[in-house]
Amino acid sequence: VDDIVKLARTSHGTFYLYFSNKEDLLHALVAEAGEVVGALDSALGPVDAGPDGWLALRGWMERFSVEWRRYAPILRAWTDLIMSDSELTTQAHVAASSVASTLAKRIAEAGPSPGIEPNAAAEAVIAMVDRFHYIRQFAGEPIDDQALDTLTTMVHKAAFNGTGPPVKAR
């Protein structure tokens, strides 16, 4: 708590006015992150196999990336603690399942390639996108437009039987 109040430039009294302990703060932060992650499900509209579908998916990837970077420390702590804290496990399940459900629906609507089961594909995409961000951050590599374009193209082609990004005019 000493480190938290120092970093927040506040007092212990203010901290304890809002939170009973560090775990209470973590639960509040996880709840906030869970709402943001859960909102990603409504942010993904239809994704077709053409360039417009790629653009729709790219917009979703951008939003995912912004929120992941904003909540990275909380998401890491959440992931580490879900096996030992039933409340955090429930929150993780609700947030992840809503995003996976919407993504699976979009994959099914797009008519994926044979052998692609939409629910499994959605879970794999979420795991890949999450881990991609984690590894890029760990390696000190930027999560820039080129990285997000590459990630989007891979997901678009694999999960949505897509053609990839729009062709740029020369």
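Residues numbered from 1 in each chain as written. Predicted model: local features only at pLDDT ≥ 70, side-chain atom pairs only at ≥ 80, totals over all residues. Heavy atoms only, no water.

Novice: Just give me the short version of the overall build of the protein chain, but keep the residues and values in it.
Specialist: Within the protein chain one finds seven helices and zero strands. Secondary structure elements of the protein chain, listed N to C terminal, follow the sequence α-α-α-α-α-α-α. Each of the 170 residues in the protein chain was classed as buried or not, and the buried ones make up 35%. A sequence separation of at least 24 residues applies to 61% of the contacts in the protein chain between residues at least 6 apart. (Helix = DSSP H or I, 4+ residues; strand = E, 2+ residues; numbered from the N terminus. Buried < 20%, exposed > 50% of the residue type's maximum accessible area, 1.4 Å probe, protein only. Contact = heavy atoms within 4.5 Å.)

Novice: Explain the nonpolar core residue by residue, including any values.
Specialist: Leu 57, Trp 60, Leu 103, Ile 107, Val 155 and Phe 160 are the most contacted members of the largest nonpolar core, which totals 31 residues. For this core, the secondary structure elements donating two or more residues are helix 3 (22–43), helix 4 (51–81), helix 5 (86–110), helix 6 (118–139) and helix 7 (145–159). Here the element with the most residues in this core is helix 4; it accounts for nine residues. Ignoring sequence-local partners within four residues, the contact set of Phe 160 consists of Val 47, Ala 49, Leu 57, Leu 103, Arg 106, Ile 107, Ala 110 and Val 155. (Core = buried A, V, L, I, M, F, W, Y, C linked by side-chain atoms within 4.5 Å.)

Novice: A description of the packing of aromatic side chains should follow, citing residues and the corresponding values.
Specialist: Applying the stated criterion across every chain yields a total of four aromatic pairs. The interplanar angle of 45 degrees and the centroid separation of 5.5 Å between the aromatic rings of Phe 15 and Phe 19 together place this pair among those described as tilted. On the basis of relative accessible area, Phe 19 is assigned to the partly exposed category, the value being 22%. Plain terms: the ring middles of Trp 60 and Phe 64 are 5.6 Å apart, the flat faces sit at 50 degrees to each other, and that makes the pair tilted. Here the residue Trp 60 and the residue Phe 64 both occupy positions in helix 4, the gap between them amounting to four residues, near one helical turn. For the pair Trp 60 and Phe 64, a shared accessibility class is recorded, and that class is buried. The structure contains a cluster of three or more aromatic residues connected by ring pairs, namely Phe 15, Tyr 16, Tyr 18 and Phe 19. (Phe/Tyr/Trp six-rings, centres within 6.5 Å; stacked < 30°, edge-to-face > 60°.)

Novice: Outline the pattern of salt bridges, listing residues and values.
Specialist: Considering all chains together, one arrives at six salt bridges under this definition. The partner of Arg 106 in a salt bridge is Glu 109, and the shortest N-O contact between them spans 3.1 Å. Here Arg 106 pairs with Glu 109, and both are found in helix 5, just three residues apart, close to one helical turn. Linked by salt bridges that have partners in common, Arg 58, Glu 62, Asp 145 and Asp 149 make up one network. (Salt bridge = Lys/Arg side-chain N within 4 Å of Asp/Glu carboxyl O.)

Read these as layout, nothing more, since geometry by itself doesn't imply function.
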